[in-house]
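One letter stands for each residue in the lines below.
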Amino acid sequence: MRDKWYGWCGRILYVDLNSMQVKTQELPRDLVRDYLGQSGSGARLLMDMTYPGMDPLSHQAPLIFGVGPLGGTPAPCSGRFSLTFKSPLTGIFADSNCGGHFGPEFKMAGFDHLVITGKAAHPVYLWIDNDQVRIKDARHLWGLDTWEADAGIRQELGERTAQVACIGPAGENMVLMSAVICNLGRAAARCGPGAVMGSKNLKAVAVRGDRGVDIFEPAAFTEAVQEVQASILGDPLYEQASSYGT
């Protein structure tokens, strides 16, 4: 019997848009021991899947979604996900971080990373409903802006609370600084991840999850969360930052 995972789900979802194949693999324990959080493990996965001179917009270039061990828990400021990729803007390593509800929902679906390679023959979007993963036609969504695509996907799926990370016309046309948008205004924008999605004919990733996250010592964790929340709320910059951002 394998040791129980805490914080991490213990699974990586791989999607190859060339073959339209989906598979799940166990998250290597040494990966999350050696590299800190989703940005660290995502960087390692990217390094293992790329080579010098790889075109960031090529079929082989991976786009990696990642959520760390605090994602999906009540820990303050943990509702984040990272996109890790080779930047079409700079030609080097890129890690773009985003808030909103997509990251926790992805974690609740039971995955730590999503690794996407290949290019679909026509526009598609990915629908992750816990263990059910489907690649769906998105030709009718191509050309829509991110607000229209978000609403259209949730209506089509009949899932009002599904979380959608999508691109608009900028990403579709591989503008090198284009963003991936979720919750209408949350952006993974640094270094052009929208262009990488567009190069794969991937309009969006939609997700719904209802699993929990196992915590090793729930009482101690709750106490630590409360202490951090009190510290944040008591910070002199809290009111200004929470009202006007950074």
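Basis of the calculations
- Residues numbered from 1 in each chain as written.
- Predicted model: local features only at pLDDT ≥ 70, side-chain atom pairs only at ≥ 80, totals over all residues.
- Heavy atoms only, no water.
- Helix = DSSP H or I, 4+ residues; strand = E, 2+ residues; numbered from the N terminus.
- Rg over C-alpha atoms; globule rule 2.2 N^0.38 Å.
- Buried < 20%, exposed > 50% of the residue type's maximum accessible area, 1.4 Å probe, protein only.
- Contact = heavy atoms within 4.5 Å.
- Areas by Shrake-Rupley, 256 points an atom, 1.4 Å probe, with all protein chains shown as cover.
- Lys, Arg positive; Asp, Glu negative; His and termini not counted.
- Charge placed at Lys NZ, Arg CZ, Asp CG, Glu CD.
- Patch = residues over 30% accessible without salt bridge, like charges linked within 9 Å, V, L, I, M, F, W, Y side chains within 5 Å.
- Salt bridge = Lys/Arg side-chain N within 4 Å of Asp/Glu carboxyl O.
- Pairing = 2+ DSSP bridges.
- Expected span 1.5 Å × (residues − 1).
- Arc of directions from axis to C-beta.
- Polar contact = N/O pair within 3.5 Å; in protein donor to acceptor, adjacent residues only side chain to side chain.
- Core = buried A, V, L, I, M, F, W, Y, C linked by side-chain atoms within 4.5 Å.

**Q** Explanation requested: the overall build of the chain in the structure shown.
**A** Looking only at helices and strands, the chain has eight helices and twelve strands in total. For 246 residues, the compact-globule estimate of 2.2 N^0.38 gives 18 Å, and the chain sits close to it at 18 Å. Each of the three principal axes of the chain carries a C-alpha extent, and together these read 50 × 45 × 40 Å. Counting only residues that meet the buried cut, the chain has 48% of its 246 residues in that class. Taking as baseline every contact in the chain between residues at least 6 positions apart, the subset at least 24 positions apart corresponds to 65%. Summed over its atoms, the accessible surface of the chain is roughly 12100 Å², and 53% of this surface lies on carbon and sulfur atoms. Seen as two clouds, the 22 positive and the 26 negative side-chain charges of the chain have centres 5 Å apart.

**Q** Where do I start with a nonpolar patch on the surface in this structure?
**A** Side chains of Leu89, Val175, Leu176 and Met177 sit close together on the surface and give an oily, nonpolar patch of about 370 Å² of accessible area. Classification of Met177 by relative accessible area gives exposed; the value is 64%.

**Q** Just to check I follow, could you spell out the pairing of strand 4 (residues 81-86) for this structure?
**A** In the case of a regular strand, side chains alternate between the two sheet surfaces. Strand 4 sits mainly inside the fold: six of its six residues count as buried. Side-chain alternation along strand 4 places Phe81, Leu83 and Phe85 on one buried face and Ser82, Thr84 and Lys86 on a second face that is also buried. When strand 3 (residues 63-66) meets strand 4, the two strands line up antiparallel, connected through three bridges. Within strand 4, the position partnered with Ile64 by the bridge is Thr84. Inspection of the sheet shows strand 4 paired to strand 5 (residues 93-98) by six bridges, in the antiparallel sense. What sits directly across from Thr84, in strand 5, is Asp95. Turn length for the strand 4-strand 5 hairpin, with the two strands adjacent in sequence and antiparallel, is six residues, and the turn residue Gly91 shows positive phi of about 80 degrees.

**Q** Would you take a moment to explain helix 4 (residues 146-157) for this structure?
**A** Because an α-helix packs 3.6 residues into every turn, residues spaced three or four apart end up facing the same way. Over its twelve residues, helix 4 extends 16 Å from the first C-alpha to the last, a length consistent with the 16 Å expected when each residue adds 1.5 Å. Inspection of helix 4 places Thr146, Ala149, Asp150, Ile153 and Leu157 among the buried residues, and these make up the whole buried set. Projected down its long axis, helix 4 shows its buried positions confined to an angular sector of 100 degrees, all on one face. In helix 4, the exposed residues that point more than 90 degrees away from the buried face are Trp147 and Gln155. The elements touched by buried residues of helix 4 are strand 7 (124-129), strand 8 (132-137), strand 9 (163-166), strand 10 (180-182) and strand 12 (202-208). Of the residues flanking the start of helix 4, the one acting as N-cap is Asp145, its side-chain oxygen 3.1 Å from the backbone nitrogen of Trp147. One or two residues past the end of helix 4 sits Gly158, with phi positive at roughly 70 degrees.

**Q** When you look at the nonpolar core in this model, what are you seeing that I'm missing?
**A** The nonpolar side chains of soluble globular proteins are, as a tendency, buried together. Counting 33 residues, the largest nonpolar core has Phe65, Phe102, Leu114, Ile128 and Val205 as the members making the most contacts within it. For Ile128, the residues in contact, after removing those within four places along its chain, are Leu13, Phe106, Ala109, Phe111, Leu114, Val133, Val205, Ala206, Val207 and Arg208. Residues Ala138, Ala162, Val164 and Ala204 belong to the second largest nonpolar core, which totals twelve residues.

**Q** Help me understand the pairing of strand 12 in this model?
**A** Summarising burial for strand 12: seven of the seven residues are buried, a large majority. Pairing of strand 7 with strand 12, which is carried by six bridges, proceeds in the parallel orientation. Within strand 12, the position partnered with Ile128 by the bridge is Val207. In this sheet, strand 12 lies alongside strand 9 in antiparallel orientation, the contact comprising four bridges. Paired with Cys166 across the two strands is Ala204, which belongs to strand 12.

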